[in-house]
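For reference, the chains in residue letters:
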Amino acid sequence: MYKQVIGCRKCPRLVDFRENVKITPRFDGEKFWRKPVPGYGDTKGHLMIVGLAPAASGGNRTGRIFTGDKSAEYLVSALYEAGLCSQATSTSRNDGLRYIDSYITAAVKCAPPDNKPTREEQLNCLVYLDAEFLCNDDLNCILALGHFAFRSILDRFKFAGFETKGMKFKNGAYCEIPGIRIYTSYHPTPRNVNTGRLKRMEFVGMLKEIRKYMGQ
Ligand code: SF4
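Residues numbered from 1 in each chain as written. Predicted model: local features only at pLDDT ≥ 70, side-chain atom pairs only at ≥ 80, totals over all residues. Heavy atoms only, no water.

Asker: Please give an account of the overall build of the protein chain that cites residues and values.
Answerer: Along its length, the protein chain carries eight helices and six strands. Helices (α) and strands (β) of the protein chain occur, in sequence order from the N terminus, as α-α-β-β-α-α-β-α-β-α-β-β-α-α. On C-alpha atoms alone, the protein chain measures out to a radius of gyration of 16 Å, which is about the 17 Å that the 2.2 N^0.38 rule sets for 216 residues. In terms of overall dimensions, the protein chain has C-alpha extents of about 45 × 35 × 30 Å along its principal axes. Residue burial in the protein chain is summarised as follows: out of 216 residues, 54% are buried. Considering only residue pairs separated by 6 or more positions, the protein chain has 68% of its internal contacts joining residues 24 or more positions apart. Counting only carbon and sulfur atoms, one obtains 52% of the accessible surface of the protein chain, whose full area is about 10500 Å². (Helix = DSSP H or I, 4+ residues; strand = E, 2+ residues; numbered from the N terminus. Rg over C-alpha atoms; globule rule 2.2 N^0.38 Å. Buried < 20%, exposed > 50% of the residue type's maximum accessible area, 1.4 Å probe, protein only. Contact = heavy atoms within 4.5 Å. Areas by Shrake-Rupley, 256 points an atom, 1.4 Å probe, with all protein chains shown as cover.)

Here you go:
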């Protein structure tokens, strides 16, 4: 599936954005990835973490999801504190970061302008999220980072024939489908972090609860 994902050109607007987004002076001279960014981690893990999409200068630059941007900084240090990854930083594809009993991905695999994929783009990319669910067959837990990721997860289960009616996003809460608990949190965007909407202590607390539930 990796080759299929990184070669995908199904969404013209996102293909144009990922390939042509301007390099900010901070990353001048760096070669950007500029392709779709697949998920990675332990495909036999109990947890799947789902974000929105790669950031223009994060995953779209480094070629690895939640790598090299502010959201990654916050998320990975919190996951490390909860014992769900091997180090507190995520800076490049070769930095040695490993996810423990868990796999990480995004609902949409290409960086979108203003971090806002359209509904059509979200549905186009669902096929890859579905394939990731099918490959990760020991899952008992999902962490949805933000409303958008939550919607893709519900779409995926709905299309797979599960009942999702009445399931709502609520920060720090969870809902369940048979055999899988879906935790929901605000996305660790700089805005959510800086405004205090997402509170580190609560977020890490939820990650620790998830780890317990996974059976770690
Ligand atoms: S967002 Fe998904 S479906 Fe659209 S071009 Fe990228 S990989 Fe393909």
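Asker: Describe the site of the ligand, naming the residues involved and giving the relevant values.
Answerer: Around the ligand, the neighbouring residues are Cys8, Lys10, Cys11, Leu14, Pro36, Val108, Lys109, Cys110, Asn124, Cys125 and Tyr128. Looking at the shell around the ligand residue by residue, the classes come out as eight nonpolar, one polar and two charged. (Near = heavy atom within 4 Å. Nonpolar A, V, L, I, M, F, W, Y, C, P; charged D, E, K, R; others polar.)

Asker: How would you sum up the sheet that holds strand β1 (residues 40–41)? Please name residues and give values.
Answerer: With mixed pairing, the six strands of this open sheet are ordered in space as β1-β3-β2-β4-β6-β5. Among the strands making up the open sheet, the edge pair consists of β1 and β5 (173–177). (Pairing = 2+ DSSP bridges.)

Asker: Can you lay out the side chain of Asp95 for me, pointing to particular residues and giving the numbers?
Answerer: Its place among the elements puts Asp95 in the loop between α4 (70–81) and β3 (102–106). Only 2.8 Å separates the side chain of Asp95 from the backbone nitrogen of Thr91, close enough to count as a polar contact. Engagement of the side chain of Asp95 in a polar contact is seen with the backbone nitrogen of Leu97, the distance being 3.0 Å. In this structure, Asp95 is in contact with Arg64, Gln87, Thr89 and Ser90, ignoring residues within four places of it in sequence. (Polar contact = N/O pair within 3.5 Å; in protein donor to acceptor, adjacent residues only side chain to side chain.)

Asker: Any details on the pairing of β5? Residues and values, ideally.
Answerer: With five bridges connecting them, β5 and strand β6 (residues 180–185) associate as antiparallel partners. Within the sheet, the bridge partner assigned to Cys175 lies in β6 and is Ile182. Linking β5 to β6, which pair antiparallel, is a turn of two residues; within it Gly179 sits at a positive phi near 85°.

Asker: Account for helix α5 (residues 119–135), with residues named and values stated.
Answerer: Given a rise of 1.5 Å per residue, 17 residues ought to cover 24 Å, and the 25 Å separating the end C-alpha atoms of α5 matches this to within 8%. Considered for burial, the residues of α5 that qualify are Glu121, Gln122, Cys125, Leu126, Tyr128, Leu129, Glu132 and Phe133. Its buried side turned inward, α5 meets α1 (2–6), α2 (12–20), β2 (47–51), β3, β4 (141–145) and α6 (147–159). (Expected span 1.5 Å × (residues − 1).)

Asker: Outline the packing of α4 against helix α8 (residues 200–214), supporting the account with residue identities and numerical values.
Answerer: Between α4 and α8, the least distance of the axes is 9 Å, while the angle of their chain directions is 50°. Here α4 is positioned oblique relative to α8, judged by the angle of their axes. Considering only the axes of α4 and α8, their crossing is right-handed. On α8, the residues that touch Tyr74, Leu75, Ser77, Ala78, Leu79 and Glu81 of α4 are Arg200, Phe203, Val204, Leu207 and Lys208. (Axes fitted to C-alpha atoms, helices over the stretch in contact; angles between N-to-C directions. Parallel < 35°, antiparallel > 145°, perpendicular 65-115°, else oblique. Left-handed = near helix turned anticlockwise from the far one by under 90°.)

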